[in-house]
Amino acid sequence: MDDTLGSVLSPAPRPSACPGLLRIVPALDGGICRIKLACGCLEADQAHAIGEAASRHASGVIELTNRSNLQLRGVRTGHEAPLIAALLAAGLGPSTPGADDVRNLLVSPAMGLDANSEADVAAVAKAILELLQARPAFHSLSPKFALQLDGGERLAMLDHPHDLWLALMPGGTRLAFGLAGCPTDAPLAAVPLEQAPALVEAALALFLELAQPEQTRMRHLLANLPKETFLDCLQSQLAFALPRDPAVLNWRRARTMTTAPLGILAQRQPGLFLLGAMPTLSRLDSSQLHALAELARSRGDGTLRFTPWQSLMLPNVAQAHAAKALRQLGMIGLHIDDSEPLTGLIACTGSAGCAKGLADTKADALRLAHRLHQGTARPQVHLSGCPRSCAAAHVAPLTLLARPGGRYQLYQRTASGAGLGRLLADSLSIDEAADRLT
Ligand code: SF4
């Protein structure tokens, strides 16, 4: 092992139930190793390295997460160190010791490519990621503490609450921002693009200064502190003014695409396209990842992008290759249009791999998809093995929540957004649920 790897590995990862690249946590089906991808991007060489490591040191199952990351399941006992070393050698680790957990910045998978965006915010994203890793104080943030940078893309996840969010305003020069919410919420103020990293740095430092040890998320702090007070404190620590004029306070980020991007999507760059595809229930095997890496090399720009819808995209595919490349994605075993019922279903690990699971949600989702194939309904359903709701950071239109005995409560999301929504049925078998949903 070279010195760089040694220095990254040297600090013992802090205790947490959340997996990381350096902290492999146990599950019923073996260890889980989570690889946080910078802006959801992966190069073909790195994809090959992950596929190889998944086969050699784990079960070969690679999960796509709802934060555009990847995780390996079934890490074998005794294989933890060589797995970590292989991933670090592929350049997938943090830039500095102790920074593995803090790399939580969600961006659009179409960042820099989306015709709807008035500016490319990639440089801001890079600066924020570097800042998060470089400042040791930020390494004490909860592994769940997360930021979102919305560049105004049509393709944007707008339903996941974040501790701090920034969203590009019309004109493409200012970012509105807010705390403990989503970019569709009312902004608190705005900053020019170039001042966004300084704003983030000051906001996180202020959070760490004000929060009690048990207040690990921004929403915990703001339960006892008005947002306006936080904002006033923040302003006092910045060398530039935070505009709070009506043009900012009355602006709302418009809702755009809300489901996984599938098929061929135009880019802002003429003649180039993004191809979207979804693996079955968020899981790839290593042979699929190897095939995707080769497809990215032969048809795209040698990169893959992962999305918060637990799907993936091949960027920068020339028009002449797009249709064939999409068919090749289908031949790899991915779903490429929403006529497939599985593209509307998400399911957590469930009882097959998680001790908290009250039902085998993955198997039940496959059974539900089989039943949906017999009709035309294509509902969006989240099957959750317990109330922790690991597979979805937002409330799905329909939720099947497992109950003891492997039966389900069925909920329908309501406009108020409270809880999982309205309880439609209290105890359904998966077949009874399928009857309701078809
Ligand atoms: S939602 Fe519950 S059952 Fe499903 S993976 Fe998370 S903890 Fe396990």
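Definitions and cut-offs
Residues numbered from 1 in each chain as written. Predicted model: local features only at pLDDT ≥ 70, side-chain atom pairs only at ≥ 80, totals over all residues. Heavy atoms only, no water. Pairing = 2+ DSSP bridges. Helix = DSSP H or I, 4+ residues; strand = E, 2+ residues; numbered from the N terminus. Axes fitted to C-alpha atoms, helices over the stretch in contact; angles between N-to-C directions. Phe/Tyr/Trp six-rings, centres within 6.5 Å; stacked < 30°, edge-to-face > 60°. Buried < 20%, exposed > 50% of the residue type's maximum accessible area, 1.4 Å probe, protein only. Expected span 1.5 Å × (residues − 1). Contact = heavy atoms within 4.5 Å. Polar contact = N/O pair within 3.5 Å; in protein donor to acceptor, adjacent residues only side chain to side chain. Near = heavy atom within 4 Å. Nonpolar A, V, L, I, M, F, W, Y, C, P; charged D, E, K, R; others polar. 1 Å grid on protein atoms, 1.4 Å probe; cavity = no way out; pocket = protein on both sides within 12 Å on 5 of 7 lines; lining within 4 Å. Points joined across faces, edges and corners; volume = space filled by probe spheres on them.

- As annotated in an unreviewed UniProt entry, the protein chain is Precorrin-3B synthase from Azotobacter chroococcum NCIMB 8003.

## Points about the sheet that holds strand 18 (residues 398–403)
Link 1 in the chain: With respect to topology, 5 strands assemble into an open sheet ordered 16-17-18-19-20, the strand pairing being mixed. The sheet terminates laterally at strand 16 (345–347) and strand 20 (422–428), the two strands that pair on one side only. With direction set aside, neighbouring strand axes in the sheet form an average angle of 15°.
Link 2 in the chain: The pairing of strand 19 (residues 407–412) with strand 20 spans 4 bridges and is antiparallel. In the sheet register, Tyr411 faces strand 20, and the bridge partner there is Leu423.

## As for the packing of aromatic side chains
Link 1 in the chain: Following the criterion strictly, the structure yields 1 aromatic pair and no others.
Link 2 in the chain: Ring centres 4.9 Å apart and planes at 45° place the aromatic pair Phe145 and Phe207 in the tilted group. Taken together, the positions of Phe145 in the loop between helix 4 (122–134) and strand 7 (147–150) and Phe207 in helix 5 (residues 196–210) put the pair 62 residues apart, joining distant regions of the chain.
Link 3 in the chain: Judged by relative accessible area, Phe207 falls into the buried class, the value being 3%.

## A word on helix 5
Link 1 in the chain: If you check helix 5, its first and last C-alpha atoms are 21 Å apart, about what 15 residues at 1.5 Å a residue would give, namely 21 Å.
Link 2 in the chain: Turning to helix 5, its buried residues number three or more, namely Ala196, Pro197, Leu199, Val200, Ala202, Ala203, Leu204, Leu206 and Phe207.

## Quick look at the environment of Ser108
Link 1 in the chain: Relative to the assigned elements, Ser108 resides in the loop between strand 6 (105–106) and helix 4.
Link 2 in the chain: C-alpha separation for the pair Ser108 and Gln412, spaced 304 residues apart in sequence, amounts to 27 Å.
Link 3 in the chain: Not counting residues up to four positions away in its chain, the partners in contact with Ser108 are Leu149, Glu153 and Leu155.
Link 4 in the chain: A polar atom in the side chain of Ser108 sits 2.9 Å from the backbone nitrogen of Ala110.
Link 5 in the chain: Of the polar contacts made by the side chain of Ser108, one reaches the backbone oxygen of Leu155; its length is 2.5 Å.

## Quick notes on unusual backbone geometry
Link 1 in the chain: In this model, Ser282 sits at a positive phi of 70°, which is unusual for a non-glycine residue.
Link 2 in the chain: We note that Ser389 has phi near 55°; this positive angle belongs to a residue other than glycine.
Link 3 in the chain: By the element assignment, Ser389 lies in the loop between strand 17 (381–384) and strand 18.

## Quick word on the pairing of strand 14 (residues 303–306)
Link 1 in the chain: Pairing between strand 3 (residues 41–43) and strand 14: 3 bridges, direction antiparallel. Across the sheet, Glu43 pairs through a bridge with Thr303, a residue of strand 14.
Link 2 in the chain: Alignment of strand 14 against strand 15 (residues 312–318), held across 2 bridges, turns out to be antiparallel. Looking at strand 15, one finds that Arg305 is bridged to Met313.
Link 3 in the chain: Here strand 14 folds back onto strand 15, and the loop between the two strands holds 5 residues, one of which, Gln310, carries a positive phi near 60°.

## Considering the site of the ligand
Link 1 in the chain: Near the ligand the following residues occur: Cys348, Thr349, Cys354, Lys356, Gly357, Ser384, Gly385, Cys386, Arg388, Ser389 and Cys390.
Link 2 in the chain: Tallied by class, residues from the shell around the ligand come to 4 nonpolar, 5 polar and 2 charged.

## Thoughts on the layout of surface pockets
Link 1 in the chain: In this model, the second largest pocket occupies a volume close to 760 Å³.
Link 2 in the chain: Around the second largest pocket sit 37 residues that line it, and Asp159, Thr258, Gln380, His394 and Pro397 are the ones nearest its centre.
Link 3 in the chain: Counting only elements with at least two residues in the lining of the second largest pocket, the list comes to strand 16 and strand 17.
Link 4 in the chain: Residue classes in the lining of the second largest pocket are distributed as 17 nonpolar, 12 polar and 8 charged.

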